[in-house]
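Spelled out from the first residue to the last, the chains are:
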Amino acid sequence: MGQKKEIDDRFKKFGTVSFTATTKVNDFINHLEEGKVMGTRCLDCGKVFFPPRADCYKCMSSNVEWFEVSGPGKLVTFSKLVYAPVGFEEDLPYFIAVLDYGDYKIFGRVAKDIAEEELNLGMEMKTVVNHLPNGQLNYVFELVPA
Ligand SMILES: [Zn+2]
């Protein structure tokens, strides 16, 4: 008899449409529930990962630690989506963007209440946990109060 494989599906709680179950980095969801957006950092070579990875592709180490994404990142690109993947149609139109944190970049969505004219390349934005009406969790980019 083979050993029963335990399926860790905590990642299903992430995003409007569930992520494929990914073992090892599922603590990401627990951190979101605590209000923290976290990435991982390789303890052997210092490479940082977002989305978090359990294994470093640079030096092949599995010796990684969590770090919290905090403070502002720089808006380096954004684009308005008028067509969306299945599961996202009701949210249209919305903006996807990339924030540059120096050592890493975060790809994600801009908070719903932010208008196009409020977005300027080079401006600072922050990454925050977002609770969706259906109980799912994700993260969005918000304006940094001046
Ligand atoms: Zn490494």
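For the structure, check the block above.
What you see is a predicted model, and the numbers here were worked out from it, not measured in a lab.

Here is what the cut-offs are and how they apply
Residues numbered from 1 in each chain as written. Predicted model: local features only at pLDDT ≥ 70, side-chain atom pairs only at ≥ 80, totals over all residues. Heavy atoms only, no water. 1 Å grid on protein atoms, 1.4 Å probe; cavity = no way out; pocket = protein on both sides within 12 Å on 5 of 7 lines; lining within 4 Å. Points joined across faces, edges and corners; volume = space filled by probe spheres on them. Nonpolar A, V, L, I, M, F, W, Y, C, P; charged D, E, K, R; others polar. Pairing = 2+ DSSP bridges. Helix = DSSP H or I, 4+ residues; strand = E, 2+ residues; numbered from the N terminus. Axes fitted to C-alpha atoms, helices over the stretch in contact; angles between N-to-C directions. Patch = residues over 30% accessible without salt bridge, like charges linked within 9 Å, V, L, I, M, F, W, Y side chains within 5 Å. Areas by Shrake-Rupley, 256 points an atom, 1.4 Å probe, with all protein chains shown as cover. Salt bridge = Lys/Arg side-chain N within 4 Å of Asp/Glu carboxyl O. Lys, Arg positive; Asp, Glu negative; His and termini not counted. Charge placed at Lys NZ, Arg CZ, Asp CG, Glu CD. Donors = N, O, S within 2.8 Å, 3.2 Å for Na, K, Ca; no water. Tetrahedral: all angles 85-135°; square planar, octahedral: opposite > 155°, others 65-115°. Buried < 20%, exposed > 50% of the residue type's maximum accessible area, 1.4 Å probe, protein only.

(A) Broad picture of the layout of surface pockets. In this structure, the second largest pocket encloses a volume near 310 Å³. The class makeup of the residues in the lining of the second largest pocket is seven nonpolar, five polar and four charged.

(B) Representation of the sheet that holds strand β1 (residues 38–42) within the structure. Strand order in the open sheet formed by three strands is β2-β1-β3, with antiparallel pairing between adjacent strands. Lying at the two open borders of the sheet, with one neighbouring strand each, are β2 (48–49) and β3 (64–68). For β1 and β2, the ladder comprises two bridges, and the chain directions are antiparallel. Bridging from a neighbouring strand, R41 pairs with V48 of β2.

(C) Expanded view of the sheet that holds strand β7 (residues 124–131). One closed barrel accounts for five strands, arranged β4-β5-β6-β8-β7; its pairing is mixed. Looking at each pair of strands side by side, their axes are set apart by 50 degrees on average, direction ignored. Alignment of strand β6 (residues 105–110) against strand β8 (residues 137–143), held across two bridges, turns out to be parallel. By the bridge assignment for β8, R109 is matched with V140.

(D) Quick look at a negative patch on the surface. Negative charge collects at one region of the surface, where D113, E117, E118 and E142 lie side by side. Position of D113 relative to the elements: it lies in the loop between β6 and β7.

(E) Local environment of the coordination of the zinc ion. Note on the zinc ion: its protein donors are C42 (SG), C45 (SG), C56 (SG) and C59 (SG). The metal-donor distances range over 2.3 Å. Each of the four donor atoms around the zinc ion contributes to a set of angles spanning 105 to 115 degrees, which defines the coordination as tetrahedral. On the primary sequence, the residues serving as donors to the zinc ion are separated as C-x2-C-x10-C-x2-C. Of the two residues, C42 is situated in strand β1 and C56 in the loop between β2 and β3; the sequence distance between them amounts to 14 residues. A relative accessible area of 1% places C56 in the buried class.

(F) Spotlight on the pairing of β7. Summarising the sheet, strand β4 (residues 72–81) and β7 pair through three bridges and their orientation is antiparallel. The partner of G73 across the bridge, within β7, is M125. Of the pairings in the sheet, the one linking β7 to β8 comprises seven bridges and is antiparallel in character. Bridge pairing links V128 to V140 in β8.

(G) Structural detail: the pattern of salt bridges. One pass over the structure, following the stated rule, counts two salt bridges. The partner of R41 in a salt bridge is E65, and the shortest N-O contact between them spans 3.0 Å. Taken as a pair, R41 in strand β1 and E65 in strand β3 lie far apart in primary sequence, 24 residues in all. Judged by its relative accessible area of 30%, R41 is partly exposed.

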